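Geometric and topological summary
This is what each chain is made of:
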Amino acid sequence: MNNERTDIDGDLVEAGLSDDAQADLLSRGYSRRSLGRVLALLTAGPAAAGLAGAAFAQAPSQAAPPKATVRIGANECWTGPLEPAAKAAAAAVATGNRYTGSQRADFVNAAASVEKTPPSHIIPWAGSSDPLSRIVVTYCSPTRGLVIANPTFELAPSVARYIGAKVSEVPLTADYAHDVKAMLAADPNAGVYYVCTPNNPTSTVTGLADIEWLLANKPAGSIVLVDEAYIHFADAPTASYLVAQGKDVIVLRTFSKLFGMAGMRMAFTMARPDLMMKTMRYDGMMASFALPNPSVVCGAVSLVQADLIAARRAEMVKARDRSLALLDKRNIRYIPPRANFFMVDWKKPAKDVQAQFAKEGIEIGRSWPIWPNVSRITVGSAAEMDAFNAAVVKLNL
Ligand SMILES: Cc1ncc(COP(=O)(O)O)c(C=O)c1O
């Protein structure tokens, strides 16, 4: 037993968990053994801890033939980075022999000016899954839970369960917004209230007045985590002004969606520096500073392309609305979407419908446990949505 303890202690110190950090984690109700799990998340990230798989799983592998030609299941963008951003990234590849110079600062300044947030409040990351997990580990614990909507993006609850924090799931309102009053009532002493807006998988937006209410009424020491992964596709107003106001809020952004950079791994957080410093105490500095120049440059140039962002959104809306019109015509119900995905109620098991589409070479999204008859469809290119529409007719759905 003693040997075991010594081994764990050694591992923790070697991996960068200082005595203070360990004492902090133990005071929050973690057992010494479970600190290894916290470390696994903070040093290797959610992918290595096997959690990202749970959140991203689209479950096409068994149903789909080896090569789905139409991929509208994983909420990716149908095309790559915006053209000026892709060009800048290519130039950064050509000068990749040099270590990072001003790229990180340029990115931070671009994000700060677009979001009207002080540069000190912006931190870049290699994708948003890392900070999302880190924030849950920092603010949740065995004594402070996580509150989420049901359904929502599962990475936060996967991480919370992994570290032994309580997860409270709260149904969405009748119009599919987060029910912030019920969320607070579900756990008045939670560490994190997670608001995903637009929400994955419902593609619906929660109003800023609700987020303000949650911030005004939440317990001390907790944070409201606003995940705006799909905000550019929805053209919804951002919560970033609450960051500038110094509230206990962290806003999460990714370049994996409208900006077409899922494989380039780029994201940023907006928050008061002290809120993020808590999440950086373990190894966050390295995670944020060790970013590849092409991704950082691509992100910085993407952010300022207001016209191209609007054009890509309009292209998505056009393709999306053609499919929705077809569903209307066939009396197939769906949740009115704001972003680049929509939930369709087939009135029969979504798994079977997914398998039917797979036989047509079309990879659609999965269902969520709360609605087993409902599939999430990601909006692809116009041609991909033509294929989806044709399959809806052919399969007589
Ligand atoms: C709501 C939401 N947040 C965060 C992520 C994580 O994305 P990434 O790690 O690529 O930034 C996703 C991915 O699908 C998502 O849907």
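Preceding this section is the structure that the text describes.
My aim in this report is to walk through the structure given alongside it, one point at a time. (Residues numbered from 1 in each chain as written. Predicted model: local features only at pLDDT ≥ 70, side-chain atom pairs only at ≥ 80, totals over all residues. Heavy atoms only, no water.)

A count of helices and strands for the protein chain gives 18 helices and 12 strands. The buried share of the protein chain, reckoned over its 397 residues, is 55%. Taking contacts inside the protein chain between residues at least 6 apart in sequence as the whole, the part at least 24 apart equals 74%. Total accessible area on the protein chain is roughly 16,400 Å²; 55% of this is exposed by carbon and sulfur atoms. (Helix = DSSP H or I, 4+ residues; strand = E, 2+ residues; numbered from the N terminus. Buried < 20%, exposed > 50% of the residue type's maximum accessible area, 1.4 Å probe, protein only. Contact = heavy atoms within 4.5 Å. Areas by Shrake-Rupley, 256 points an atom, 1.4 Å probe, with all protein chains shown as cover.)

Let us look at the site of the ligand. Surrounding the ligand, one finds 14 residues, the nearest of these being Ser128, Ser129, Asp227, Thr254 and Ser256. Here an oxygen atom of the ligand sits 2.6 Å away from a polar atom, N or O, in the side chain of Thr254. Here Ser256 contributes a side-chain N or O atom positioned 2.6 Å from an oxygen atom of the ligand. Protein contact buries 97% of the 400 Å² of open area that the ligand shows by itself. Its residues assigned to classes, the shell around the ligand shows five nonpolar, six polar and three charged. (Near = heavy atom within 4 Å. Polar contact = N/O pair within 3.5 Å; in protein donor to acceptor, adjacent residues only side chain to side chain. Nonpolar A, V, L, I, M, F, W, Y, C, P; charged D, E, K, R; others polar.)

On to the sheet that holds strand β8 (residues 267-270), then. In spatial order, the strands read β2-β8-β7-β6-β5-β3-β4; together these seven strands make up an open sheet with mixed pairing. Of all the strands in the sheet, just β2 (122-125) and β4 (167-171) have a single pairing partner and so form its edges. Strand after strand, the sheet turns through a mean of 25° between neighbouring axes, direction not considered. Pairing geometry for strand β5 (residues 192-196) and strand β6 (residues 223-227), over five bridges, is parallel. Pairing of Val192 across the sheet is with Ile223, part of β6. (Pairing = 2+ DSSP bridges. Axes fitted to C-alpha atoms, helices over the stretch in contact; angles between N-to-C directions.)

Moving on to the pairing of β8. Alternating positions in β8 separate into two faces, Ala267 and Thr269 on one and Phe268 and Met270 on the other, with burial throughout. By the bridge criterion, four bridges tie β2 to β8 in an arrangement that is antiparallel. Of the residues in β8, the one forming a bridge with Trp125 is Ala267. By the bridge criterion, four bridges tie strand β7 (residues 249-254) to β8 in an arrangement that is antiparallel. Counted as the bridge partner of Arg253 is Phe268 from β8.

Turning to the environment of Thr138, a few remarks are in order. Mapped onto the secondary structure, Thr138 falls in helix α7 (residues 129-139). On a C-alpha basis, the gap between Thr138 and Met276 in space is 9.4 Å, while along the polypeptide they are 138 residues apart. Here Arg134 takes part through its backbone oxygen, which lies 2.7 Å from a polar atom of the side chain of Thr138.

Attention shifts here to helix α15 (residues 293-303). The buried fraction of α15 is high, at nine of 11 residues. When we look at burial in α15, the residues that qualify are Asn293, Ser295, Val296, Val297, Cys298, Gly299, Ala300, Ser302 and Leu303. Lining the buried residues of α15 we find α5 (83-94), α6 (103-115), β8 and α16 (306-329).

Turning to the layout of surface pockets, a few remarks are in order. Empty space among the atoms becomes apparent when a probe as large as a water molecule is rolled across them. In this structure, the second largest pocket spans a volume of roughly 220 Å³. Of all the secondary structure elements, the ones that give two or more residues to the lining of the second largest pocket are α6, α11 (231-234) and α16. Of the residues in the lining of the second largest pocket, the class split is four nonpolar, three polar and five charged. (1 Å grid on protein atoms, 1.4 Å probe; cavity = no way out; pocket = protein on both sides within 12 Å on 5 of 7 lines; lining within 4 Å. Points joined across faces, edges and corners; volume = space filled by probe spheres on them.)

Moving on: empty space enclosed by the protein. Scanning the entire structure with this criterion turns up one cavity of 30 Å³ or more. Considered as a void within the structure, the largest cavity measures approximately 50 Å³ in volume. Considering the residues around the largest cavity, the lining is formed by Thr100, Gln103, Arg104, Ser288, Phe289, Leu291, Asn293 and Val296. Within the residue set of the lining of the largest cavity, elements represented by two or more residues are α6, α14 (284-289) and α15. Classifying every residue of the lining of the largest cavity by side-chain character gives three nonpolar, four polar and one charged.

This part takes up the nonpolar core. In this structure, Phe107, Phe342, Trp346, Phe357, Ile377 and Phe388 are the most contacted members of the largest nonpolar core, which totals 73 residues. Sort the elements by how many residues they give to this core and α16 lands first, with six residues. No fewer than three residues from each of domain 1 (64-80 + 307-394) and domain 2 (83-304) sit in this core. Every residue in contact with Ile377, bar those within four places of it in the chain, is listed here: Ile72, Asn340, Phe341, Phe342, Val344, Trp346, Ile364, Met385 and Phe388. Tyr30, Tyr139, Ile148 and Ile163 belong to the second largest nonpolar core, which has 35 residues in total. (Core = buried A, V, L, I, M, F, W, Y, C linked by side-chain atoms within 4.5 Å. Domains from an automatic or database assignment.)

Another aspect to go through is the packing of aromatic side chains. One pass over the full model with this rule turns up 10 aromatic pairs. Between Trp78 and Phe233 the ring centres are 6.1 Å apart and the planes differ by 35°, which places this aromatic pair in the tilted class. Here the residue Trp78 occupies a position in the loop between β1 (70-72) and α5, and Phe233 occupies one in helix α11, the gap between them amounting to 155 residues. For Trp78, a relative accessible area of 19% puts it in the buried group. For the ring pair Phe107 and Phe268, a centre distance of 5.8 Å and an interplane angle of 75° mean the geometry is edge-to-face. (Phe/Tyr/Trp six-rings, centres within 6.5 Å; stacked < 30°, edge-to-face > 60°.)

Our next topic: the sheet that holds strand β10 (residues 341-345). Spatial strand order, β9-β10-β12: three strands in an open sheet with antiparallel pairing. With one partner strand each, in any of the chains shown, β9 (333-334) and β12 (374-378) form the two edges of the open sheet. Across the sheet, α16 is in contact with β9 and β10; its angle to β10 comes to roughly 10°.

Another aspect to go through is the side chain of Asn389. Secondary-structure assignment places Asn389 in helix α18 (residues 382-394). Once you skip the residues sitting within four places of it in the chain, Asn389 turns out to touch Arg322, Ser323 and Leu326.

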